[in-house]
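Commentary on secondary and tertiary structure
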Amino acid sequence: MASNSPAPEGIDVQEQPTAGAWGEWNPTEDSARPPRGKHRVLKQRGGLARSSTVLGVGVIAAVGAGGIATAQDRPQVAISLPSLPSLPEALGGADQPDADSGTDAGTTATRSAEPARTGIIPQQADRRSDAGELLRSRILQQAESQQEAAAAQEQAEAERLAQEAAAQQARDAQAAKEAAEKAATEAAEKAAAEEARKAQEAKEAAEAKAKAESAARSAGAFFLPTSAYTLTSHYGDSGSMWSSGRHTGLDFAAPTGTPVKAVAGGKVISAGWSGAYGYRIVLQLPDGTEIWYCHLSSMSVTGGSVAGGDTIGRVGATGNVTGAHLHLEVRKGGVTVDPLTWLKARGLNV
């Protein structure tokens, strides 16, 4: 390995002395000249030596030790020191100027003195750089964590607001549904109450009308004895059909079962079978006048008071008849009078 370092004084490296020509030379710190120039060993992690001088001395010491171990068995050889400036390059260090680069000692000393003036050595600068990068990384991680926490909080707040809005909508929908149901129920109740009121009013009106009619009948109102009739025989008609030789009443021909009514309010004093008259009802008016209803098919009342217009029996053909009809007689003091004249005198259109 070539070297530009000078040999120790008194040794000619151009000549190869024979063994024993000069005594055994073991290089020491005093006999080895320090290399010129600045040699920086690149920072190595894991405890590697950071001083080029220590590394060089270690190499020289190893070489010297090897020489001592074999000095008795080997011939003496010239020692060629390695170029120390190239040693950092072999170890992977940065390029540095060597002794022949023309860099003077003043420049080297100035560069060597720069870390001393600033108070920062390369190892400290690297450590500060690592600490700054670690701090920057931690700050970025913290900022990212804060951003993620803020985003998560915003998302949670948005979800909470959405849930509250959905719950409010559900409450509003339920309230609207309940209000609609309540309104429908109230409307139905109101309609039912209105119908009940109208029905009650109609009932009361009917009852009032019935009472009025009853009162009018009781007060002397008069009614026709039947409806849907035909007058067939009048009072005084003569013929062999009647025992007296003449007709004593007024005949209203009508189908069997046609209702027979009281011509005025009064009291039933007789009801039953009466020979040639068939089934007969005798109604006595308040003034004592008697109204005879003869040839009935049935009788609705057999006694007691009745009001004018009340149904008291049905048209029939019982007794001495030739067909279904109502034989009506009006008697005052036991004497018959013309029923047609009597009815018309009471305002009835017979």
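All of these numbers come straight from a predicted model, not from anything done at the bench.

On to the packing of aromatic side chains, then. Aromatic ring pairs are described here by two measures, namely the spacing of the ring centres and the angle between the planes. Under the defined criterion, the tally for this structure stands at 4 aromatic pairs. With 5.0 Å between their ring centres and 75° between their planes, Tyr229 and Phe252 make a pair best called edge-to-face. Taken together, the residues span a long stretch of sequence, with Tyr229 in the loop between helix H4 (122–218) and strand E1 (230–231) and Phe252 in strand E2 (residues 250–253) at a distance of 23 residues. Take Phe252: its relative accessible area is 0%, and that puts it in the buried class. Summarising the aromatic geometry, the rings of Trp273 and Tyr279 are spaced 5.0 Å apart at their centres and angled 80° between planes, so their arrangement reads as edge-to-face. By relative accessible area, Trp273 is classed as exposed at 53%. Given the relative accessible area of 33%, Tyr279 is considered partly exposed. Across the ring face of Trp292, the terminal group of Arg280 is positioned such that the distance to the ring centre comes to 4.4 Å.

Before going further, it helps to spend a moment on the side chain of His325. By secondary structure assignment, the location of His325 is in strand E9 (residues 325–332). The buried category is assigned to His325, whose relative accessible area is 10%. For His325, the side chain forms a polar contact with the main-chain oxygen of Gly323, separated by 2.8 Å. Leaving out residues up to four positions away in the same chain, His325 has contacts with Asp251, Phe252, Ala253, Ala254, Cys294, His295, Val315 and Gly316.

Counting across every chain of the model gives 6 salt bridges. Arg331 is the salt-bridge partner of Glu329, the closest N and O atoms lying 2.9 Å from each other. Per residue, the accessibility class of Glu329 equals that of Arg331, and both read buried.

Below, the discussion takes up the confidence of the model for the chain. Per-residue confidence for the chain averages 76 on the pLDDT scale, and 62% of its residues sit at or above 70. Low pLDDT, under 50, characterises residues 1–5; the predicted model gives this stretch 12 contacts beyond four residues in sequence or across chains.

It is worth spelling out the pairing of strand E5 (residues 279–284) at this point. Bridge analysis of strand E4 (residues 266–273) against E5 gives 6 bridges, and the strand direction is antiparallel. Pairing of Ala271 across the sheet is with Ile281, part of E5. The antiparallel pairing of E4 with E5 creates a hairpin that spans 5 residues between the two strands, and Gly275 there sits at a positive phi of about 55°. As paired strands, E5 and strand E6 (residues 290–299) are joined by 5 bridges and run antiparallel to one another. Paired with Ile281 across the strands is Tyr293, a residue of E6.

Rules used throughout
Residues numbered from 1 in each chain as written. Predicted model: local features only at pLDDT ≥ 70, side-chain atom pairs only at ≥ 80, totals over all residues. Heavy atoms only, no water. Phe/Tyr/Trp six-rings, centres within 6.5 Å; stacked < 30°, edge-to-face > 60°. Helix = DSSP H or I, 4+ residues; strand = E, 2+ residues; numbered from the N terminus. Buried < 20%, exposed > 50% of the residue type's maximum accessible area, 1.4 Å probe, protein only. Lys NZ or Arg CZ within 6 Å of the ring centre and 35° of its normal. Polar contact = N/O pair within 3.5 Å; in protein donor to acceptor, adjacent residues only side chain to side chain. Contact = heavy atoms within 4.5 Å. Salt bridge = Lys/Arg side-chain N within 4 Å of Asp/Glu carboxyl O. pLDDT = per-residue confidence, 0-100. Pairing = 2+ DSSP bridges.

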